[in-house]
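Reading the structure
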Amino acid sequence: MKNVKCMKVNFNEIKSSIDLAATIAAIEGQPLVYHGEKRAYLDDKSCPFCPGSGFTIHLDSQHYHCYSCEAHGDVIDYVFYAENTVDRYEAALMLRDGKIGVACFS
Ligand SMILES: [Zn+2]
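These notes cover the structure that comes with them. What you see is a predicted model, and the numbers here were worked out from it, not measured in a lab.

1. Focus: the sheet that holds strand E5 (residues 72-73)
- Pairing in this open sheet of five strands is antiparallel, and the strands run E1-E2-E3-E4-E5 from one edge to the other. At either end of the open sheet lies a strand with only one pairing partner, and these are strand E1 (32-35) and E5.
- Sheet topology places strand E3 (residues 55-58) next to strand E4 (residues 63-66); four bridges connect them, and they run antiparallel. Directly across from Ile57, in E4, lies its bridge partner Tyr64.

See the structure below:
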């Protein structure tokens, strides 16, 4: 029998109300280094997904991109891959329910 998910989650609302940079800092347990108003990096300049060092958080578009491994996505994608959730729905639920340790923008 198929596992039916009946609770609606508004992905766009989550993406627009939860800060990607704060989420990444919370998950990785590292402060971020800000480069102007548009970019941020992990403190050790590492990429969470590869041994390379091209991981960049684009603050204006709320996306991350790694120029070494081409990892790319939004805040829900990040939680999906970094926390190994079953799917993006579960990642969205974790964010919505405050399980990542970041709060929605007030
Ligand atoms: Zn990478």
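2. Concerning unusual backbone geometry
- You will see that Lys45, though not glycine, has its phi angle at about 65 degrees, which is positive.
- Secondary-structure assignment places Lys45 in the loop between strand E2 (39-42) and E3.
- One non-glycine residue, Asn84, lies in positive phi territory at about 55 degrees.
- Looking at the element boundaries, Asn84 is found in the loop between helix H3 (75-82) and helix H4 (88-96).

3. A look at the nonpolar core
- Core analysis: the biggest nonpolar cluster contains 21 residues, and Val75, Ile76, Val79 and Leu95 have the highest contact counts within it.
- Those elements giving two or more residues to this core turn out to be helix H2 (20-28), E2, E3, H3 and H4.
- A total of five residues in this core trace back to one element, the largest contributor, which is H3.
- Setting aside anything within four residues of it in sequence, one finds Val75 in contact with Lys15, Ile18, Leu20, Thr23, Gln62 and Leu95.

4. Details of the packing of H3 against H4
- It is the contact of H3 with H4, at a shortest axis distance of 8 Å, that shows an interaxial angle of 105 degrees. With respect to each other, H3 and H4 are oriented roughly perpendicular. Contacts between H3 and H4 involve Val75, Ile76, Asp77, Val79 and Phe80 on the former and, on the latter, Arg88, Ala91, Ala92, Met94 and Leu95.
- Among the residues making up the contact of H3 with H4, the classes are represented as eight nonpolar, no polar and two charged.

5. Overview of the packing of H2 against H3
- Across the interface, H2 lies against H3 with an axial gap of 10 Å and an inter-helix angle of 15 degrees. The angle between the axes of H2 and H3 places the two elements in the roughly parallel class. H2 and H3 meet at a crossing whose hand is right-handed. In this structure, H2 uses Leu20, Thr23, Ile24 and Ile27 to contact H3, whose residues at the interface are Val75, Tyr78, Val79 and Ala82.
- Of the residues assigned to the contact of H2 with H3, the class counts are seven nonpolar, one polar and no charged.

6. Considering the environment of Tyr64
- Examined against the element boundaries, Tyr64 turns out to sit in strand E4.
- Owing to 25 C-beta atoms within 10 Å, Tyr64 belongs among the buried residues under this scheme.
- Expressed as a C-alpha distance, the spacing of Tyr64 and Tyr78, which sit 14 residues apart in the sequence, is 8.1 Å.
- Among all residues touching Tyr64, those that are not within four sequence positions of it are Leu20, Ile24, Phe55, Thr56, Ile57, His72, Gly73 and Tyr78.

Conventions adopted
Residues numbered from 1 in each chain as written. Predicted model: local features only at pLDDT ≥ 70, side-chain atom pairs only at ≥ 80, totals over all residues. Pairing = 2+ DSSP bridges. Helix = DSSP H or I, 4+ residues; strand = E, 2+ residues; numbered from the N terminus. Core = buried A, V, L, I, M, F, W, Y, C linked by C-beta atoms within 7 Å. Buried ≥ 20, exposed ≤ 12 C-beta atoms within 10 Å, placed from the backbone. Contact = placed C-beta atoms within 7 Å. Axes fitted to C-alpha atoms, helices over the stretch in contact; angles between N-to-C directions. Parallel < 35°, antiparallel > 145°, perpendicular 65-115°, else oblique. Nonpolar A, V, L, I, M, F, W, Y, C, P; charged D, E, K, R; others polar. Left-handed = near helix turned anticlockwise from the far one by under 90°.

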